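Residue-level structural notes
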Amino acid sequence: MGDFQIKVQPKTYDVVIVGSGAGGGMAAYSLANAGLSVCLLEAGPNYDPAKNVTQLKWPWESPRRGASTKFRSFGDFDACYGGWQLEGEPYTHAPDTQWDWFRARMLGGRTNHWGRISLRFGPKDFKRKSIDGLGDDWPIGYDDVKPYYDRVDKLIGVFGTNEGLPNDPDGIFLPPPRPRLHELMIKKGATTAGVNVIPSRLSMLTKKINNDRGACFFCGQCSRGCTVYADFSSSSVLVKPALRTGKVDLFTDAMAREVLTNKEGLATGVSYVSKNDMQEYQVKGRTVIVAASACESARLLLNSKSSRHPNGLANSSNVVGKYLHDSTGAAMGGVLPQLFGRKRYNEDGVGGMHIYSPWWLDNKKLDFPRGYHIEYWGGQGMPAYGFGMGIENSNGKYVVNGKQKEAGGYGKSLKEDQRFFYGAGVGMAGRGEALAIESNLCEIDPNTVDKFGIPVLRFNVKWTDHEVKQAKHMKETFKEIMHNMGAIITWGDDGPETNYGLEAPGKIIHEAGTVRMGSDPKRSALNSFNQAHDCKNLFVVDGGAFVSQADKNITWTILALSMRASDYIVSEMKKQNL
Amino acid sequence: MDRRKSLKVFALTAFSSGVLLDACKPSDKKTIIEDGASGKHALTIDRYPAEAVEHERLMSEKFFTEHEMQTISVLSDIIIPADEVSGSAIDAKVPDFIEFIVKDRPENQLPMRGGLLWLDMQSNKQFGQPFVKLNHDQQINIVDQIAYPKKAKPEVLQGVSFFSLMRNLTSTGFYTSEIGIKDIGYMGNKPNQWNGVPDEVLKQYGLAYSEKELKECVSFDKA
């Protein structure tokens with residue numbers, strides 16, 4: 001590179017934010033509305049679900065009929081640009097360890113993909129060590145976060161019901177949709193098994209909440225992004241209105257390389273490479289907020305070494321990258337024979353389940369710590385790649401319209417079978433809390449860089465016995481629910497040889513814990529306001545800040561804590577502390 | 001053209017892929033721009049630049065020979081023929097889908113090509129002709145030997161694997177086509193007001209919504 005030079009953006013911002021997902025989007029929204037000037041860096045391209053449309057498209061509009069590709073791991077219609085592997089951006093593993101890393105590269109990040117399951121942590125979720133002696137308590141409790149959960153509920157919109165449960169707090173809810181047919185059957189079967197079933201809590205607008213966003217029209221396709229913004233994604237609900245304030249400059253295709261610091265050790269801005277011209281840039285800010293996803297944020301800090309921060313930025317505690325954990329996941333599926341040959345009607349509903357089961361048991365009576373919630377699916381979905389495959393595993397097993405047939409076949413008889421079995425599938429999955437432990441970590445691989453020359457992460461994560469026992473319990477519960485419903489299990493009846501079907505860590509895409517908060521600067525990187533102990537004008541507002549992640553999808557808490565950190569930044573600036 | 005503008009163009013005109021490709025793959029620029037400008041391979045769904053490049057590449061390649069495509073067509077129409085409800089696999093352009101999907105998912109290439117040859121060899125052995133040259137009864141005779149995994153003879157199990165793959169690809173191709181979706185009876189993918197399970201269906205299964213559900217859940221006036 002003969003003419004290597006770094007271009008310095010002329011403007012100095014009040015805040016430079018790395019990442020436009022839930023954490024970064026909320027910070028940009030909150031701080032821009034407080035009047036601060038904001039530079040928002042996003043490693044992927046711009047995106048607007050009203051313009052980049054896959055919603056209401058038919059399967060044949062994808063030449064692969066919606067099958068997944070390396071560009072869209074969750075199918076050709078999925079809104080999310082990214083995947084388990086990104087070209088030119090590798091990650092590595094320590095021997096005999098597992099971590100599947102999903103990265104979104106687009107405005108709004110992974111909020112374009114997630115299931116919009118919007119659960120508050122409960123009072124117990126912040127104080128697990130006090131309950132079971134494992135891990136650590138958060139330096140804050142539910143009462144500290146509750147006002148922000150309330151504000152997030154109102155700002156973004158979530159449906160659900162107030163059930164008065166001790167550790168699944170009530171919220172400010174829009175009305176939920178009525179259960180679908182298979183969901184009524186699940187509810188019966190689960191209730192008989194002693195498993196509580198309540199309306200799900202998803203950030204989708206069953207009623208209009210403002211003039212910027214429409215109401216849900218029940219196409220069941222939130223994963224494709226919503227053209228009327230009736231579901232939550234950071235791009236449409238936070239970044240768009242933030243841009244309208246005129247206070248935010250958005251730089252897309254900007255891959256952060258390093259957080260810059262001065263000789264006092266304070267952050268001065270961010271250096272990044274623009275993917276458009278492969279040139280190096282620097283942008284200056286009074287405050288830097290990192291929200292690149294738990295692992296990317298840890299990577300960025302570890303790669304930001306200086307004489308004042310020789311172990312990586314904000315890492316005098318040596319915890320950055322450690323305590324990495326994902327949700328546990330295990331699933332089971334089958335068919336409901338009573339739904340064979342069912343009547344057809346449009347049951348798309350919202351883009352997700354209408355019911356779910358919050359954790360219902362007391363761990364004192366169990367052989368594992370921490371709980372899990374159960375998600376359910378089934379019904380008359382839109383056919384996509386994979387539909388109708390494997391008929392030879394079904395059509396010999398069940399009597400079709402009064403006839404016992406030989407497995408396999410072809411012709412008019414095959415068409416009869418496909419019609420007969422359509423819409424009879426049912427399934428469920430557990431999402432549980434894994435323990436955040438110090439030895440599960442990501443670190444900088446000393447030998448490998450990505451295509452931008454940035455050192456990459458090496459993962460070193462192993463499940464413990466706790467998580468395996470939890471998966472075993474999930475499978476026992478699922479079997480009982482399936483049995484009670486009269487369902488026939490067709491997959492997921494796993495035993496100890498596969499750790500009871502426990503998914504590889506990372507697979508549930510709830511990475512957290514790598515830049516954790518705490519009151520002791522020797523054992524944590526951030527204080528209780530997501531502010532670095534070692535660098536007062538540096539904040540981390542993604543899942544990295546989490547001490548533990550409950551069995552609740554982490555987005556709602558990322559949003560609440562990012563809003564809380566933003567309030568704190570404004571107040572500290574007013575006091576001239578930042 | 002700046003990045004944001006070009007993205008906008010990309011979103012608004014489905015075949016503007018050429019506009020964006022300069023940065024992606026300079027060596028192929030010329031042909032891709034021509035294809036893009038003609039809209040030959042335009043898609044109606046959102047594509048980002050790297051996807052558009054990959055799409056053009058896949059569309060510029062051909063995998064199956066004419067003979068193989070003929071065999072695939074005959075087989076797919078045996079697997080999904082027209083009946084009183086809907087048309088056939090050929091009506092639904094399933095062979096074109098199969099040509100695309102084996103390029104897109106190359107793990108299918110060897111099993112398909114080898115399986116088609118296996119089929120021709122068996123046809124030749126039993127009836128002295130490749131599969132497409134057999135009469136309908138002879139074709140059905142061969143298909144019956146490999147269409148039922150549990151009762152198939154051990155010496156034709158490779159054929160069973162191939163036929164199962166053909167049945168899978170034909171079924172998925174058919175039921176994700178316009179004809180197939182109508183056949184299977186999927187009623188959604190349009191703006192709707194979800195009012196819950198229709199009353200007569202609840203009755204059929206002896207189910208009902210609870211008072212709590214009726215009170216709490218969103219509902220719409222039935223027009």
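Coordinates for the structure precede this section.
Please read these numbers as outputs of a predicted model, since none were measured by experiment.

1. Topic: a nonpolar patch on the surface
Residue and element names in this part refer to chain A. Residues Phe 4, Ile 6 and Val 8 make up a contiguous nonpolar surface patch of about 270 Å² in total accessible area. Inspection of the secondary structure puts Phe 4 in the segment before strand 1 (6-18). Phe 4 sits in the partly exposed class, given a relative accessible area of 47%.

2. A few points about the interface of chain A and chain B
Taken residue by residue, the interface counts 84 residues in chain A and 83 residues in chain B. For the pair chain A and chain B, the two sides together bury roughly 7500 Å², of which 59% comes from carbon and sulfur. Among the residues chain A hides against chain B, the three largest losses belong to Arg 178, Tyr 410 and Lys 415 of chain A. Together they make up 12% of the total. For the pair chain A and chain B, the interface holds eleven salt bridges. Taken together, the connections running from chain A to chain B amount to 42 residue pairs in polar contact (both at pLDDT 80 or more).

3. Observations regarding the environment of Asp 144 of chain B
Along the chain, Asp 144 of chain B falls in helix 8 (residues 136-146). In this structure, the C-alpha to C-alpha distance between Asp 144 of chain B and Val 160 of chain B, residues 16 residues apart in sequence, is 9.9 Å.

4. Let's talk about unusual backbone geometry
Note: most peptide bonds trans; most residues except glycine with negative phi. Non-glycine residue Ala 314 of chain A carries a positive phi angle of around 65 degrees. With respect to the helices and strands, Ala 314 of chain A occurs in the loop between helix 6 (294-302) and strand 11 (328-335).

5. A few points about the environment of Glu 87 of chain A
All names here are of chain A. Assignment of secondary structure puts Glu 87 in the loop between strand 3 (82-83) and strand 4 (92-93). Look at Glu 87 and you get exposed, because its relative accessible area is 63%. Here the alpha-carbon distance between Glu 87 and Lys 70, two residues 17 residues apart in the chain, equals 9.0 Å. In contact with Glu 87, other than residues within four places in its own chain, are Lys 70 and Lys 451.

6. Structural notes on the environment of Gly 88 of chain A
All names here are of chain A. For Gly 88, the location among the structural elements is in the loop between strand 3 and strand 4. Separated by 362 residues in the primary sequence, Gly 88 and Asp 450 place their C-alpha atoms 5.8 Å from one another. Apart from residues lying up to four places away in sequence, Gly 88 is in contact with Asp 450 and Lys 451.

7. A few points about helix 4 (residues 49-60) of chain B
Here helix 4 of chain B spans 17 Å end to end across twelve residues, near enough to the 16 Å set by a 1.5 Å rise per residue. Taken residue by residue, helix 4 of chain B has Pro 49, Glu 51, Ala 52, Val 53, Glu 54, His 55, Glu 56 and Leu 58 of chain B as its buried positions.

8. Looking at the pattern of salt bridges
Taken as a whole, this structure holds 58 salt bridges over all chains when the rule is applied. As a salt-bridge pair, Arg 244 of chain A and Asp 212 of chain A come within 3.0 Å of each other at their nearest N and O atoms. Note that Arg 244 of chain A is positioned in helix 5 (residues 234-244) and Asp 212 of chain A in the loop between strand 6 (198-199) and helix 5, a separation of 32 residues in sequence. Two residues, Glu 99 of chain B and Lys 103 of chain B, come together in a salt bridge whose shortest N-O distance is 3.7 Å. One end of the pair is Glu 99 of chain B and the other is Lys 103 of chain B, both in helix 6 (residues 94-104) and four residues apart, which spans about a single turn. Each member of the pair, Glu 99 of chain B as well as Lys 103 of chain B, is classed as buried.

9. Examining the sheet that holds strand 4 of chain A
Through backbone hydrogen bonds, the strands of a sheet pair up, either in parallel or in antiparallel fashion. Residues and elements named next belong to chain A. Here we have three strands laid out as an open sheet, ordered 4-16-15, and mixed in their pairing. Each edge of the open sheet is held by one strand with a lone partner, namely strand 4 and strand 15 (441-449). Here strand 15 runs beside strand 16 (residues 455-460); their pairing, made up of five bridges, is antiparallel. Bridge pairing in strand 16 places Leu 441 opposite Asn 460. Sheet contacts for helix 6: strand 15 and strand 16; angle to strand 15, the most-contacted strand, approximately 60 degrees.

10. Section: the pairing of strand 7 (residues 248-251) of chain A
Residues and elements named next belong to chain A. Side chains of strand 7 alternate between two faces, with Val 248 and Leu 250 buried and Asp 249 and Phe 251 left unburied. Inspection of the sheet shows strand 2 (residues 38-41) paired to strand 7 by four bridges, in the parallel sense. In the sheet register, Leu 41 faces strand 7, and the bridge partner there is Phe 251.

11. Focus on the packing of aromatic side chains
Tallied over the full model, the rule gives 40 aromatic pairs over all chains. Seen from their ring centres, Tyr 410 of chain A and Tyr 148 of chain B are 6.4 Å apart, and the 50 degrees between their planes marks the pair as tilted. Highlighted residues: Tyr 410 of chain A in the loop between strand 13 (372-378) and helix 7 (411-421) and Tyr 148 of chain B in the loop between helix 8 and helix 9 (157-175), drawn from two different chains. Judged by its relative accessible area of 15%, Tyr 410 of chain A is buried. You can call Tyr 148 of chain B buried: its relative accessible area is 18%. Taken together, the ring pairs in this structure connect Tyr 47, Phe 71 and Tyr 81 of chain A together with Tyr 48 of chain B into an aromatic cluster. Across from the ring centre of Tyr 209 of chain B, 5.7 Å away, lies the NZ or CZ of Arg 178 of chain A, which sits over that ring. In this structure, Arg 113 of chain B packs its charged tip against the face of Phe 63 of chain B, placed 4.0 Å from the ring centre.

12. Observations regarding the sheet that holds strand 11 of chain A
Residues and elements named next belong to chain A. Read from one edge to the other, the open sheet built from six strands follows the order 6-12-13-14-11-17, with strand pairing classed as antiparallel. If you trace the sheet from one side to the other, it starts and ends with strand 6 and strand 17 (488-491), each paired once. Relative to strand 13, helix 4 (residues 181-192) is tilted by about 140 degrees, and along the sheet it contacts strand 12 (355-357), strand 13 and strand 14 (425-432). The strands touched by helix 8 (residues 465-485) are strand 11, strand 13, strand 14 and strand 17; relative to strand 11, the strand with the most contacts, the crossing angle is about 20 degrees.

13. A word on the nonpolar core
The biggest cluster of nonpolar side chains holds 111 residues, and the ones touching the most others in it are Tyr 376 of chain A together with Ile 98 and Met 112 of chain B. With eight residues, helix 9 of chain B is the largest single contributor of residues to this core. In this structure Met 112 of chain B touches Phe 64, Ile 72, Ile 98, Val 102, Phe 162, Leu 165, Met 166 and Leu 169 of chain B, once residues within four positions along its chain are discounted. Counting residues in each nonpolar core, the second largest holds 107 residues, with Ile 289, Leu 300, Leu 526 and Ile 569 of chain A among its members.

Calculation criteria
In this numbering scheme, every chain counts its residues from 1 along its sequence in written order. Key to labels: chains lettered from A, ligands numbered from 1, both in the order written. This being a predicted model, a pLDDT of at least 70 is required before a residue's local features are given, and a value of 80 or more before pairs of side-chain atoms are given or counted; all residues contribute to the totals for chains, interfaces and linings. To get the side-chain values, take all heavy atoms of the structure and skip hydrogens and water. Without a salt bridge and with relative accessible area above 30%, a residue can belong to a patch; like charges are then joined within 9 Å and nonpolar side chains (Val, Leu, Ile, Met, Phe, Trp, Tyr) within 5 Å. What sets the accessible areas is the Shrake-Rupley method with a 1.4 Å probe; for residues, cover comes only from the shown protein chains. Here a salt bridge means any side-chain nitrogen of Lys or Arg lying within 4 Å of a carboxyl oxygen belonging to Asp or Glu. Helix and strand assignments come from DSSP, with helices taken as H or I runs of at least 4 residues and strands as E runs of at least 2, each series counted from the N terminus. We call a residue buried when its accessible area falls under 20% of the maximum for its residue type, exposed when it is over 50%, and partly exposed in between, using a 1.4 Å probe and counting protein chains only. By definition in these notes, contact holds between two residues if any of their heavy atoms fall within 4.5 Å. Buried area: the sum, over both parts, of the accessible surface (1.4 Å probe) that disappears when the two are put together. Contacts described as polar in this section are N or O atom pairs within 3.5 Å, which, within protein, must combine one atom able to donate a hydrogen with one able to accept it, while residues neighboring in sequence count only if both atoms come from side chains. What a helix is expected to span follows from its residue count: subtract one and scale by 1.5 Å. Strands are treated as partners if at least two bridges between them are detected by DSSP. What counts as an axis is a line fitted to C-alpha atoms, over the stretch in contact for a helix, and the angles between N-to-C directions run from 0 to 180 degrees. Centres within 6.5 Å make a pair out of two Phe, Tyr or Trp rings, where for Trp the six-membered ring is used; the pair is then stacked when the planes are under 30 degrees apart, edge-to-face when over 60, and tilted otherwise. The rule is short: NZ of Lys or CZ of Arg within 6 Å of the ring centre and within 35 degrees of the ring normal puts a charge over the ring. Throughout, nonpolar core names a set of buried Ala, Val, Leu, Ile, Met, Phe, Trp, Tyr and Cys residues whose side chains join them through atoms within 4.5 Å.

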